[in-house]
Amino acid sequence: MLKTYSEGDSSTSIYLLTELFGLLRAKVQSSRKMNSKLRSGVQDFTVGYFSLVKGKSNWKIVSAIPQKNIFEIFKEDQEKLRISINILNLTNVRIVTGK
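Cut-offs and rules
- Residues numbered from 1 in each chain as written.
- Predicted model: local features only at pLDDT ≥ 70, side-chain atom pairs only at ≥ 80, totals over all residues.
- Heavy atoms only, no water.
- Core = buried A, V, L, I, M, F, W, Y, C linked by side-chain atoms within 4.5 Å.
- Buried < 20%, exposed > 50% of the residue type's maximum accessible area, 1.4 Å probe, protein only.
- Helix = DSSP H or I, 4+ residues; strand = E, 2+ residues; numbered from the N terminus.
- Contact = heavy atoms within 4.5 Å.
- 1 Å grid on protein atoms, 1.4 Å probe; cavity = no way out; pocket = protein on both sides within 12 Å on 5 of 7 lines; lining within 4 Å.
- Points joined across faces, edges and corners; volume = space filled by probe spheres on them.
- Nonpolar A, V, L, I, M, F, W, Y, C, P; charged D, E, K, R; others polar.
- Pairing = 2+ DSSP bridges.
- Axes fitted to C-alpha atoms, helices over the stretch in contact; angles between N-to-C directions.
- Polar contact = N/O pair within 3.5 Å; in protein donor to acceptor, adjacent residues only side chain to side chain.

A.B. asks: I'm lost on the nonpolar core in this one. Help?
C.D. replies: One recurring pattern in soluble globular proteins: nonpolar side chains tend to sit buried together. M1, I14, L16, L24, A26, V28, L38, V42, F50, W59, I61 and A64 form the largest nonpolar core, which has twelve residues in total. Elements that contribute at least two residues to this core include exactly β2 (11-18), β3 (22-28) and β5 (59-69). L38 has contacts with V28, I61, V62, S63 and A64, leaving out every residue within four places of it along the chain. One finds L2, I70, L81 and I85 within the second-largest nonpolar core, a separate group that totals seven residues.

Structural data, given as structure tokens:
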């Protein structure tokens, strides 16, 4: 998961990089509610397993099993964390500009 954006009162839009489909934009319903099962899996820079369903106009995440998070992996090594975040931010710039 590359980037998350708040959408409405409790939903989230995310950019997800997948092996099979490449870069996808998906929506997660009620992910910001305290009792949401998807809350822990829908955080920036999370690596894991995600179940996606194709809706009429967009993809939806229906389940998420987080495996690791870039922040947790490199929290002790600030230099590696900074480099990793810079690389992922460059990916985000590419997403936003569409280049």
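A.B. asks: Mind showing me how you'd approach the layout of surface pockets here?
C.D. replies: To find leftover empty space, one rolls a probe the size of a water molecule over the atoms. Roughly 450 Å³ of volume is contained in the largest pocket. Forming the walls of the largest pocket are 17 residues, and the residues nearest its centre are L17, T18, E19, G48 and F50. When contributions to the lining of the largest pocket are tallied by element, the ones reaching two or more residues are β2 and β4 (46-54). A per-element tally of the lining of the largest pocket places β4 first, with six residues. Grouping the amino acids of the lining of the largest pocket by side-chain chemistry returns 13 nonpolar, three polar and one charged.

A.B. asks: Just checking my understanding: could you explain the sheet that holds β3 for this structure?
C.D. replies: Remark on secondary structure: sheet strands pair via backbone hydrogen bonds, oriented parallel or antiparallel. The sheet built from five strands is open, its strands ordered β1-β2-β3-β5-β4 with mixed pairing. Each edge of the open sheet is held by one strand with a lone partner, namely β1 (3-7) and β4. If you compare each strand with its neighbour and ignore which way they point, the axes differ by 30° on average.

A.B. asks: Got a minute to help me understand the pairing of β4 in this structure?
C.D. replies: For a regular strand, side chains alternate in direction, first toward one face of the sheet and then toward the other. Of the pairings in the sheet, the one linking β4 to β5 comprises nine bridges and is antiparallel in character. Its bridge partner being in β5, V53 is matched across the sheet by K60. The hairpin formed by β4 and β5 contains four residues between the paired strands.

A.B. asks: Is there a simple way to think about the pairing of β3 in this case?
C.D. replies: Where β2 lies against β3, seven bridges are found, and the strand directions are antiparallel. Each residue of the ladder has a partner; that of I14, found in β3, is A26. Linking two consecutive strands that pair antiparallel, namely β2 and β3, is a turn of three residues. Both β3 and β5 contribute to a ladder of two bridges, which runs parallel.

A.B. asks: Would you explain the side chain of S13 in this entry?
C.D. replies: Here S13 is to be found in strand β2. A distance of 2.6 Å separates a polar atom in the side chain of S13 from a polar atom in the side chain of E7. Once you skip the residues sitting within four places of it in the chain, S13 turns out to touch K3, T4, Y5, E7, R25, A26 and K27.

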